[in-house]
Amino acid sequence: WYWQKEKREPYVKFMDTNYPPSFSYEDFGPLFTAEFFDANQWADILKASGARYVVLTSKHHEGFTLWGSKYSWNWNAVDVGPKRDLVAELAASVRNRTDLHFGLYHSLFEWFNPLFLEDATNAFKTRKFPTSKSLPELYEIVTKYQPEIIWSDGDGNAPDTYWNSTGFLAWLYNDSPVRDTVVTNDRWGTGSMCTHGGFYTCRDHYNPGHLLPHKWENCMTIDRHSWGYRRDAPLRDYLAIEDLVKELAETVSCGGNLLMNIGPTHDGRIAVVFEERLRQMGAWLEVNGEAIYGTKPWRAQNDTVTPGVWYTFSPKEGKVNAIFLNWPISGILELGEPQAKIGETQVKLAGYKDLLKWVALGEKGMVIALPQLTPQQLPCQWGWTLQLTDVN
């Protein structure tokens, strides 16, 4: 898109420098080889990340499908390049080796598809593209792979009536093989984002910082500048684990889910920097998972006195979780929101055995004495959780 449509100078120059003069986008097909793609290895990394679901891009805006779609002749991973059904392989590994829910991303429109361009020229009064390509593909992936998440994207500035989104969704929720298990997002045509859908995405990198009345997802990238893999990306362009833990705490406290994007390589690998981030996240969740999984937003999302403290609520245990991102030098953490009850309220540090001492601050708020620990004794890095029981 940047190279051929917008003709942005760095992209045009990159192609001129690194590829033969007549090289077309289609010529990338055979270069996408995936020879190192090992679905079991991917599944193991995904499991180690502590994730509860995974969404694979089955087809992006250039129309290349990662399964052997009969609606994408000679422009799919079975006919060209890997000569493998990558969707089937990952679905099988995720289901056999993990408890993760398996989801599929699918782009409705395609940048350069002549049928779509013709419909767009006709102001979407004709519907050649959705009826012959986009919708058949959606029915195909649901029937064939039975994903539990359909992550739709790319409305191409066309209304939901052009895509027949309501017709497809009615089938999905009433008659499809996943009708009892599937969830969908909100990208089904112009004007539907943040308005209709099982969960809202609103926009890429969406993190409102306050509670939303509807379930939502923060869909963001570990590489600050790209949804794909960049061979030339320097380390500073990747979010550090501290950034990711902060993003997770903020998102969950405001009622959202976090969908972290990683771009795999053309030869089928999850780059080591992405693997490290995922495993770090898993290590953090191993200690602090109770403050994330199965939680609901509390009456306050972040603390009024100490910045960098985010709250979640565990309804089963009746616990308030205070996730704090900075360990105070004084060893004393002041919280402005919880109302403690003398003789009843208990405070624990996740991953540490002893109860902590605390003092109430008038009507509202409390001061907590953190244990004096060496860096080696800390239960985890990058952020910690206080578990408060019997607080108002």
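Residues numbered from 1 in each chain as written. Predicted model: local features only at pLDDT ≥ 70, side-chain atom pairs only at ≥ 80, totals over all residues. Heavy atoms only, no water.

### Some details on the pattern of salt bridges
Part 1 of the argument: Within the structure shown, the criterion is met by 20 salt bridges.
Part 2 of the argument: A salt bridge links Glu337 to Arg299; the shortest N-O distance between them is 2.8 Å. Linking Glu337 in the loop between strand S9 (332–335) and strand S10 (346–349) with Arg299 in the loop between helix H9 (272–288) and strand S7 (309–314), this pair joins segments that are 38 residues apart in sequence.
Part 3 of the argument: Judged by its relative accessible area of 43%, Arg299 falls in the partly exposed class.
Part 4 of the argument: What emerges from the salt-bridge pattern is a single network uniting Lys59, Glu110, Lys133 and Glu137. (Salt bridge = Lys/Arg side-chain N within 4 Å of Asp/Glu carboxyl O. Helix = DSSP H or I, 4+ residues; strand = E, 2+ residues; numbered from the N terminus. Buried < 20%, exposed > 50% of the residue type's maximum accessible area, 1.4 Å probe, protein only.)

### Regarding the sheet that holds strand S3 (residues 149–153)
Part 1 of the argument: With parallel pairing, 4 strands are arranged side by side in an open sheet as S1-S2-S3-S4. Of all the strands in the sheet, just strand S1 (53–59) and strand S4 (183–184) have a single pairing partner and so form its edges.
Part 2 of the argument: In the sheet, S3 pairs with S4 via 2 bridges, with the strands oriented parallel. Residue pairing across strands places Ile149 opposite Val183, the latter belonging to S4.
Part 3 of the argument: Its contacts with the sheet place helix H5 (residues 128–145) against S1, strand S2 (101–107) and S3, and it is angled at close to 170° to S2. (Pairing = 2+ DSSP bridges. Contact = heavy atoms within 4.5 Å. Axes fitted to C-alpha atoms, helices over the stretch in contact; angles between N-to-C directions.)

### Considering the domain arrangement of the protein
Part 1 of the argument: The domain boundaries assigned to the protein delineate domain 1 (9–291) and domain 2 (296–389).
Part 2 of the argument: One C-alpha centre belongs to domain 1, the other to domain 2; they are set 36 Å apart.
Part 3 of the argument: With 18 residues of domain 1 at the contact, the number on the domain 2 side is 20 residues.
Part 4 of the argument: Taken over both partners, the interface formed by domain 1 and domain 2 buries close to 1600 Å², and the fraction arising from carbon and sulfur atoms is 69%.
Part 5 of the argument: Salt-bridge contacts for Lys319 lead to Glu290; the nearest nitrogen and oxygen are separated by 2.7 Å.
Part 6 of the argument: Where the side of domain 1 that touches domain 2 is concerned, the elements lending two or more residues are helix H8 (241–253) and H9.
Part 7 of the argument: The greatest single-element share of the side of domain 1 that touches domain 2, amounting to 8 residues, is contributed by H8. (Domains from an automatic or database assignment. Buried area = accessible area lost by both parts, 1.4 Å probe.)

### Description of the UniProt feature "domain: Glycoside hydrolase family 29 N-terminal" (unreviewed entry) in the protein
Part 1 of the argument: Per the UniProt record, "domain: Glycoside hydrolase family 29 N-terminal" (unreviewed entry) is found at residues 1–290.
Part 2 of the argument: As a span, residues 1–290 carries 35% helix and 11% strand, and end to end its C-alpha atoms are 43 Å apart. (UniProt positions renumbered as here; feature names shortened; annotations may be inferred.)

### Overview of the UniProt feature "site: May be important for catalysis" (unreviewed entry) in the protein
Part 1 of the argument: Listed under "site: May be important for catalysis" (unreviewed entry) in the UniProt record, and renumbered for this structure, are Cys219.
Part 2 of the argument: Note that Cys219 resides in strand S5 (residues 216–221).
Part 3 of the argument: Under the relative-accessibility criterion, Cys219 is labelled buried at 6%.
Part 4 of the argument: Sequence-distant contacts of Cys219, that is, excluding residues within four places in its chain, are made with Trp151, Asp204, His205, Tyr206, Trp227 and Leu259.

### Some points on the packing of aromatic side chains
Part 1 of the argument: Here the structure, examined in full by the defined rule, presents 31 aromatic pairs.
Part 2 of the argument: The interplanar angle of 55° and the centroid separation of 4.8 Å between the aromatic rings of Phe124 and Tyr162 together place this pair among those described as tilted. You can see Phe124 sitting in the loop between helix H4 (114–121) and H5 and its partner Tyr162 sitting in helix H6 (residues 160–163), a full 38 residues away along the chain. Across the pair, exposure class does not vary: Phe124 and Tyr162 are buried alike.
Part 3 of the argument: Seen from their ring centres, Phe129 and Trp163 are 6.1 Å apart, and the 80° between their planes marks the pair as edge-to-face. Of the two residues, Phe129 is situated in helix H5 and Trp163 in helix H6; the sequence distance between them amounts to 34 residues. Residues Phe129 and Trp163 agree in their burial class; the two are buried.
Part 4 of the argument: Above the ring of Tyr2, the side-chain terminus of Arg8 is found at 3.6 Å from the ring centroid.
Part 5 of the argument: Above the plane of the ring of Tyr352 lies Lys353, whose end atom (NZ or CZ) is 5.9 Å from the centre. (Phe/Tyr/Trp six-rings, centres within 6.5 Å; stacked < 30°, edge-to-face > 60°. Lys NZ or Arg CZ within 6 Å of the ring centre and 35° of its normal.)

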